[in-house]
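Spelled out from the first residue to the last, the chains are:
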Amino acid sequence: MDVRRFPVPHIAHLARLDLSEEEIQRFEKQFASILSAFSALRELDLTGVEPLWTPVPHTLRLAKDQPDRPYDRNQMLEDAPDVFQFYLRLPSPLRSVRKKQ
Amino acid sequence: MTAEFEPVIGLEIHVELATRRKMFCGCPNTYGKEPNTVVCPVCMGHPGTLPVPNEEAVARAVQLGLALGAEIHPFSLFFRKNYFYPDLPKGYQITQYSASILTGGSLQGVRIERANLEEETAKSYHTETGDVLLDYNRAGIPLLEIVTHPDIRSPEQARAFLEELRLLLIYLGISECDMEKGQLRVDANISVRPVGSGSFGTKVEIKNLNSFRSVEHALRYEWERQAALISSGGTVEQETRLWDEFQKETRPMRSKEEAEDYRYFMEPDLPPLQLSRTWLEEQRAHLPELPEQRRKRYREVYHLSDKVLEALIADPAYGRYFEQLAEGLSRPELAGNWVAVHVLRVLKAEHLSMEDFPLSPDQLRPLLRMIEEERISHSAAQEVFEEMLRTGRDAASIVEERGLEQVSSDASLLPVVRAVLDAHPEIVEKYRRGKTGVLGVLIGAVMKETRGRANPQKVRELLMRELETS
Ligand SMILES: [Zn+2]
């Protein structure tokens, strides 16, 4: 990827972020500097080096198939932006796409 | 036109795993509960929560892998598939992307490309005003995505493969595969090419397939559509089409406003999934008898006809019932016939599962033993069976009460046989002149005299003996 041209508007659109022209330019600069740090790492000769999955050795813990009690519905819906008859209500994602483009 | 073009078909199957809890949180794995009553901060994607994979879901995937002869990877990874849709509360789905737990293997000659562990999305409903209503009960149920190679060459083969895969999943206890409940979902991709060609055409993906029958119909429709298109000089467009069950046609899906761009990256909250050799061996030890192994055993041990065999294989519970019923009978194929014909007829008519069938194998067996011992005729047995279902009474008492026991003794039958011979001297005469076919008339007369209770085999013997000697 060309680090000078990180596709900020494209990524922002995929995440449904509405960025101003000024923000786009600022983020483009920041991404370029972050990605160029990585491209410096890319120049290292890594032949024979095992991939590092995690900086601290730990293994994935699996849960036994024992269900817990689910949370109280009212408590869970308290944080929802909008509720309709025990459903969370959200604007259609397709609609927000059309608004943006 | 389809004669000149052969279809090249691949399938993508999503199966909900029948675990007790969800894939990454402690919520019970349920169906049909009140909206948003089986949720927690993890499956609703609250910030700061962490996923913990369910060991049983991993075990189920491995068991399927063993059954398919797949390569089971003791080291696999989880990824985030990012897309913006409210049925994914986190903004991404955890899946395995390019580091699957299973690759390879095959079923009915169709090669499996891979199978990935994933999580279900929430159920969403669209309102007239364009809003989305969400029920997160389903979010986070363990899901296995199974992808085949494009090895299938006809719609019928696709359906047969799916039927066999479903059977395998049910035998393994991986899923109940109820398509109406969305426990098993199928997408198909199909391209066509001139018969004999080794290259691949442009493939079309078909979604909204609600039954194996619609898979078959949609593939046939699409095969014909693509063949006609190419024959008339057109080109097939790479697209996703939806099957319309009412119009019996596929239609292009409203094109997405942007190309799919899921920005996969490794799930930072989950280290690699590593499975030890001993753990994998334990899964192998847990494997039940699989459909193909059961078919083989039933053929060898019970000598069942193919038709009876397939009826008994269709549900593992049918086989269990049959085997218990056959125990202690000298003709196990009689038990096979009775389950395949009479028991299954009742189950289908009453929409019952085997577990709900009112007669246990121990209750039904005495009736079959009476048939074996020729104490009752087949038609009498059916009458007794109906009465047992109605009343739950035992076979012997119904037979006795209704006087259905076959009469086989010389002492009871000989007087009737002699009376019939005396009453039909002209038929006796015909028989003696070599027209032995008239024996049937005499047997019929004896059966009528005994109101059907005489053992017809015994009647034949006695009649012949009397005709030869007197
Ligand atoms: Zn949960």
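Computed from a prediction, not measured in an experiment: that's the story for all the values here.

Please clarify how helix 11 (residues 395-402) of chain B should be interpreted in this entry.
Side chains that are three or four residues apart share a direction in an α-helix, a result of its 3.6 residues per turn. Residue and element names in this part refer to chain B. Looking at helix 11, one finds that the buried residues are Ala395, Ile398 and Val399. Down the axis of helix 11, the buried side of the element spans an arc of 100 degrees, and every buried residue falls inside it. In helix 11, those exposed residues whose orientation departs by more than 90 degrees from the buried face are Glu400 and Glu401. Looking one or two residues past helix 11, Gly403 carries a phi angle of roughly 60 degrees, positive in sign.

I would appreciate a short explanation of the pairing of strand 9 (residues 123-126) of chain B in the present structure.
Side-chain direction in a regular strand flips from residue to residue, so the side chains alternate between the two faces of the sheet. Across four bridges, strand 9 of chain B lies against strand 10 (residues 131-135) of chain B in antiparallel orientation. Its bridge partner being in strand 10 of chain B, Ser124 of chain B is matched across the sheet by Leu134 of chain B.

Can you walk me through the side chain of Ser214 of chain B in this structure?
Note on placement: Ser214 of chain B falls in helix 3 (residues 212-231). When near neighbours in sequence (up to four residues on either side) are disregarded, Ser214 of chain B contacts Leu209, Trp243 and Glu245 of chain B.

Hey, could you run me through the environment of Arg297 of chain B in this one?
In this fold, Arg297 of chain B is placed in helix 5 (residues 291-302). Each C-alpha atom of the pair Arg297 of chain B and Tyr221 of chain B lies 39 Å from the other, and the pair is 76 residues apart in sequence.

I'm lost on the confidence of the model for chain B in this one. Help?
As a note on interpretation, predicted positions should not be read in detail where pLDDT is low. Residues with a pLDDT of 70 or more make up 98% of chain B, whose mean pLDDT is 93. For this predicted complex, the interface confidence comes out at an ipTM of 0.83, alongside a pTM of 0.85.

Help me understand the sheet that holds strand 5 (residues 92-95) of chain B, please; the structure alone is not making it clear to me.
Note on sheets: strands pair through backbone hydrogen bonds, and any given pair is parallel or antiparallel. All names here are of chain B. Read across the sheet, three strands follow the order 5-4-16 without closing on themselves; strand pairing throughout is antiparallel. With partners counted over all chains shown, the strands left at the sheet margins are strand 5 and strand 16 (265-266), one partner each. In this sheet, strand 5 lies alongside strand 4 (residues 79-82) in antiparallel orientation, the contact comprising four bridges. Across the sheet, the residue bridging to Asn82 is Tyr92, located in strand 5.

Before we go on, may I ask you to explain the pattern of salt bridges in this structure?
Residues and elements named next belong to chain B. All told, the structure shown has 48 salt bridges over all chains when counted by the stated rule. Taking the shortest distance from any N to any O, the salt bridge between Arg225 and Glu222 comes out at 2.5 Å. Of this pair, Arg225 and Glu222 both sit in helix 3, separated by three residues, roughly a single helical turn. As far as burial versus exposure is concerned, Arg225 and Glu222 are alike and both buried. The partner of Glu289 in a salt bridge is Arg294, with the nearest N and O atoms 2.9 Å apart. You can call Glu289 partly exposed: its relative accessible area is 24%. In this structure Arg294 comes out as buried when scored by relative accessible area, which is 8%. Residues participating in the shared-partner salt-bridge network are Glu164, Glu292, Arg295 and Glu310.

So, how was this worked out
Residues numbered from 1 in each chain as written. Chains lettered and ligands numbered in written order. Predicted model: local features only at pLDDT ≥ 70, side-chain atom pairs only at ≥ 80, totals over all residues. Heavy atoms only, no water. Buried < 20%, exposed > 50% of the residue type's maximum accessible area, 1.4 Å probe, protein only. Helix = DSSP H or I, 4+ residues; strand = E, 2+ residues; numbered from the N terminus. Arc of directions from axis to C-beta. Pairing = 2+ DSSP bridges. Contact = heavy atoms within 4.5 Å. pLDDT = per-residue confidence, 0-100. Salt bridge = Lys/Arg side-chain N within 4 Å of Asp/Glu carboxyl O.

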